[in-house]
Amino acid sequence: MASPVFRFRNRSQTSFRLEGERTLLRYPVIGDYSEWSRLREASRAFLEPWEPRWTHDDLTRSAFKYRIQRYDADRAAGHALPLFVCLKSSGHLVGGVTLGAIRRGVAETCTLGYWMGEEHAGKGLMRDAILALLPHVFDSMRLHRIEAACIPDNTRSQRLLENVGFRREGYLNGYLKINGAWRDHLLYALIAEDWHSMRTKSSGSGG
């Protein structure tokens, strides 16, 4: 179970972990570069249709160093929580999840983004990771709402979101520029009341 503290002043505080049944979520660090770049390169054709267009230097060490610096800055400011998804059994990197666009005040909301290496897809690992993340969103961070958007063609993501309790709320025209083109998206969301209700029912049934 993770500490409820969200904002950290430096990367030496690396004890943050969220654990699922098969996965663990942790902060990305510069030492992840080799494993991350290998996984992303091997999964390029699998991932590109669903992501913003990769830059020409996307997989270089210098770009990864900048990525880690940006992750640290966003986390310290409370704007985002980027995490790597690893196998609990071995620690090997399999993907990533990010809570972005964190808004406080009257909103208390965030957006969910995620990716999974091709060789690890379809095995239930992202479902496990998101289920490990949601208690942190609603209990520790005390947000009220988490949103996720996916391209209508991405039936795998739709099934995933629905499986972990998200509800489809709408259709977003030209919402995000994906792989160089503005794409429509389906909007999904989960609110705290629904999450707590699902958890109570699950506990009551012994699941």
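Everything below is about the structure printed above this text.
None of the values given here were measured: they were computed from a predicted structure.

Glancing now at the overall build of the chain. From N to C terminus, the chain includes six helices and eight strands. Ordering the α and β elements of the chain from the N terminus gives β-β-α-α-α-β-β-β-α-β-α-β-β-α. What you see for the chain is a C-alpha radius of gyration of 17 Å, in line with the 17 Å of a compact globule of 207 residues. Taken along the three principal axes of its C-alpha coordinates, the chain extends 50 × 40 × 35 Å. Within the chain, the fraction of its 207 residues that count as buried is 45%.

This part takes up the side chain of R75. Mapped onto the elements of the fold, R75 is located in helix α3 (residues 61-77). Here D72 takes part through its side chain, which lies 3.2 Å from a polar atom of the side chain of R75.

Among the six residues that make up strand β6 (residues 145-150), five are buried, leaving the element largely enclosed by the rest of the structure. As judged from the three bridges shared by strand β5 (residues 109-116) and β6, these two strands associate in the parallel manner. The residue bridging T111 from the neighbouring strand is E147, located in β6. Crossover β5 to β6 through helix α4 (residues 125-140) is right-handed. Sheet topology places β6 next to strand β8 (residues 181-191); six bridges connect them, and they run antiparallel. Opposite E147, over in β8, you have A189 as the bridge partner.

What follows is about the packing of helix α1 (residues 33-42) against α3. The axes of two packed helices give the description: the angle between them and the distance between them. Following both chains from N to C, one finds α1 and α3 inclined at 110 degrees, their axes separated by 11 Å at the closest point. Here α1 is positioned roughly perpendicular relative to α3, judged by the angle of their axes. Facing Y33, S34 and W36 of α1, the residues of α3 in contact are R61, F64 and R67. Its residues assigned to classes, the contact of α1 with α3 shows three nonpolar, one polar and two charged.

With that out of the way, let us pick up unusual backbone geometry. The general pattern is negative phi for most residues beyond glycine and trans for most peptide bonds. The phi dihedral of E108 is positive, around 50 degrees, even though this residue is not glycine. Inspection of the secondary structure assignment puts E108 in the loop between β4 (93-103) and β5. If you check the backbone angles, R142 has positive phi at about 60 degrees while not being a glycine. The topology assignment puts R142 in the loop between α4 and β6.

Each value, and the rule that gives it
Residues numbered from 1 in each chain as written. Predicted model: local features only at pLDDT ≥ 70, side-chain atom pairs only at ≥ 80, totals over all residues. Heavy atoms only, no water. Helix = DSSP H or I, 4+ residues; strand = E, 2+ residues; numbered from the N terminus. Rg over C-alpha atoms; globule rule 2.2 N^0.38 Å. Buried < 20%, exposed > 50% of the residue type's maximum accessible area, 1.4 Å probe, protein only. Polar contact = N/O pair within 3.5 Å; in protein donor to acceptor, adjacent residues only side chain to side chain. Pairing = 2+ DSSP bridges. Right-handed = clockwise from strand over helix to strand, strands pointing away. Axes fitted to C-alpha atoms, helices over the stretch in contact; angles between N-to-C directions. Parallel < 35°, antiparallel > 145°, perpendicular 65-115°, else oblique. Contact = heavy atoms within 4.5 Å. Nonpolar A, V, L, I, M, F, W, Y, C, P; charged D, E, K, R; others polar.

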